[in-house]
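Okay, here's what each chain looks like letter by letter:
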Amino acid sequence: MSPELHQKLTAWRRHLHAHPELSLQEKETAAFVQDKLTELGIPFEAGIGGHGIVATLTRGHAQRRVGLRADMDALPITEDTALPYASKTSGVMHACGHDGHTASLLGAAALLAADSDWSGTVDFIFQPAEEGFGGSRAMVAAGLFDRFPMERIFGFHNWPGLAAGTIAVHDGVVMASGGRITITIEGHAGHAGMPHLTRDPVVAAGHLIVALQSITSRGVDPLDTAVLSLCTIEGGTAANQIAGRVTIRGTLRYHREAVKDTILDGIERTCAGIATSFGVKVTPEIVWGVGVVINTPDEADLARIAAEKVQAPVRRDLAPSMAGEDFAHYLQQRPGAFVWIGNGPLRDGAELHGPRYDFNDAILPVASRWMAEVAKAALASN
């Protein structure tokens, strides 16, 4: 990649960082991407599954077709970086690096547009609403694979804590599936000095939180991986009143569907037991999210070949993450691979979804070149 293109991508990335938009609200981000695609002379279709965009390049006569994807949305997090290009939108920031993913995909498009050494069709997928709002599912429902019949699909996520520019390629599972859990405990409110006349949902909640931890520690095979994290608890408004209702919210993650069934059964049994023991009503509700991200073997090999082509260090030994990624929905429809590209050393508060996180602009050339090379490798493979 030329220094001029790297400089341009850095400026684009920092513009996106300064103007983040939440899931389902990426109107200006999409307009910016469309403007840059027009500048590059690459045709596109917009408004796919919301603010989604698909740009397409075709060369030669080969009938092969491949997709490359980046996500565009930001998070409801207040930035604490003091960077000159820090978020200008209060309470919203690019804390997961989707600004860098978008700039990298624009870079891959620029590289392939200027490269005559390939034949086939490449679709560049700029996806909205990755952060828990079903962006990939919406694009598929809008006919992504029918309107743009790609045979394979590839993507990446920047990875703090992995050496900058190193590419991690997993065989099989990459990232977890899971869901968001809400547990409502309904008791009987009353005077704090007369607890015998109440049914205390706060005490029940305390016991429930502790009991639920045994699901993963004692109910799941130690050789499997599972997480059940209860992250918020709300209940009560006065220091001298026993509340009538408590709400607990959290998340659960797993790598195998059989583990999902174990966790669900454990939650239902534990909630029923607490309800009986404390005379309260306990209602668990789970909204299931994305599936497990699983690389297919041939496409993982292509990802590795592309990484070697751009002379990036390659890691094949990293364990899968318990974080989720809605790229999984694409991989349920087409073979493909999802890699991690190192963002550099992990600093306190600068992890993914941290208030001091920032995408490392130094990895833009590696990310863009890898995406371009994996597309060429996929088009050239049998």
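Relevant structure appears above.
Residues numbered from 1 in each chain as written. Predicted model: local features only at pLDDT ≥ 70, side-chain atom pairs only at ≥ 80, totals over all residues. Heavy atoms only, no water.

**Q** Residue-level account of the overall build of the protein, with values.
**A** Within the protein, the secondary structure is distributed over 10 helices and 16 strands. Here the C-alpha radius of gyration of the protein, 23 Å, is about what a compact globule of 382 residues would show, namely 21 Å. Each of the three principal axes of the protein carries a C-alpha extent, and together these read 80 × 45 × 40 Å. Looking at the 382 residues of the protein, the share that counts as buried comes to 52%. A fraction of 80% describes how many contacts in the protein between residues 6 or more apart in sequence connect residues 24 or more apart. Distance between charge centroids for the protein: 0 Å, based on 32 positive and 42 negative side chains. (Helix = DSSP H or I, 4+ residues; strand = E, 2+ residues; numbered from the N terminus. Rg over C-alpha atoms; globule rule 2.2 N^0.38 Å. Buried < 20%, exposed > 50% of the residue type's maximum accessible area, 1.4 Å probe, protein only. Contact = heavy atoms within 4.5 Å. Lys, Arg positive; Asp, Glu negative; His and termini not counted. Charge placed at Lys NZ, Arg CZ, Asp CG, Glu CD.)

**Q** Explain the side chain of Gln127 to me, and be specific about the residues and the numbers.
**A** For Gln127, the position within the fold is in strand S4 (residues 120–127). With a relative accessible area of 0%, Gln127 lands in the buried category. Non-local contacts of Gln127, meaning those with residues more than four positions away in its chain, are made with Arg69, Ala70, Asp71, Met72, Gly135, Ser136, Met139, Asp326 and Tyr330.

**Q** Can you tell me about unusual backbone geometry, naming the residues and giving the values?
**A** At Leu24, a residue that is not glycine, the phi angle is positive and equals roughly 75°. Tracing the chain through its elements places Leu24 in the loop between helix H1 (3–18) and helix H2 (27–40). Phi at Ala82 takes a positive value of approximately 60°, unusual for a residue other than glycine. Checked against the element boundaries, Ala82 lands in the loop between strand S3 (65–71) and helix H3 (98–113).

**Q** Explain the packing of H2 against H3 residue by residue, including any values.
**A** It is the contact of H2 with H3, at a shortest axis distance of 10 Å, that shows an interaxial angle of 15°. In terms of axis orientation, H2 runs roughly parallel to H3. Handedness of the crossing formed by H2 with H3: right-handed. Between H2, through Val33, Lys36, Leu37 and Leu40, and H3, the contact on the second element is made entirely by Thr102, Leu106 and Ala110. The class makeup of the residues in the contact of H2 with H3 is 5 nonpolar, 1 polar and 1 charged. (Axes fitted to C-alpha atoms, helices over the stretch in contact; angles between N-to-C directions. Parallel < 35°, antiparallel > 145°, perpendicular 65-115°, else oblique. Left-handed = near helix turned anticlockwise from the far one by under 90°. Nonpolar A, V, L, I, M, F, W, Y, C, P; charged D, E, K, R; others polar.)

**Q** How would you explain the side chain of Ser23 if you had to name every residue and give the values?
**A** Counting through the fold element by element, Ser23 comes out in the loop between H1 and H2. Side-chain polar atoms of Ser23 contact the side chain of Asp73, separated by 2.6 Å. Non-local contacts of Ser23, meaning those with residues more than four positions away in its chain, are made with Asp73, Ala74, Ala129, Glu130, Glu131 and Phe133. (Polar contact = N/O pair within 3.5 Å; in protein donor to acceptor, adjacent residues only side chain to side chain.)

**Q** Quick rundown of the packing of aromatic side chains? Include the residues and the values.
**A** In total, this model carries 5 aromatic pairs according to the counting rule given. Both rings, one in Phe327 and one in Tyr330, keep their centres 5.6 Å apart while their planes meet at 75°; by these two values the pair is edge-to-face. Residues Phe327 and Tyr330 agree in their burial class; the two are buried. Arranged with centres 4.9 Å apart and planes meeting at 35°, the rings of Phe327 and Phe338 form a pair that is tilted. Here the residue Phe327 occupies a position in the loop between strand S15 (321–324) and helix H9 (328–331), and Phe338 occupies one in strand S16 (residues 336–344), the gap between them amounting to 11 residues. On the basis of relative accessibility, which here comes to 0%, the residue Phe338 falls in the buried class. Through pairs of rings, three or more aromatic residues link up here, namely Phe145, Phe327, Tyr330 and Phe338. Above the ring of Trp288, the side-chain terminus of Lys260 is found at 4.4 Å from the ring centroid. (Phe/Tyr/Trp six-rings, centres within 6.5 Å; stacked < 30°, edge-to-face > 60°. Lys NZ or Arg CZ within 6 Å of the ring centre and 35° of its normal.)

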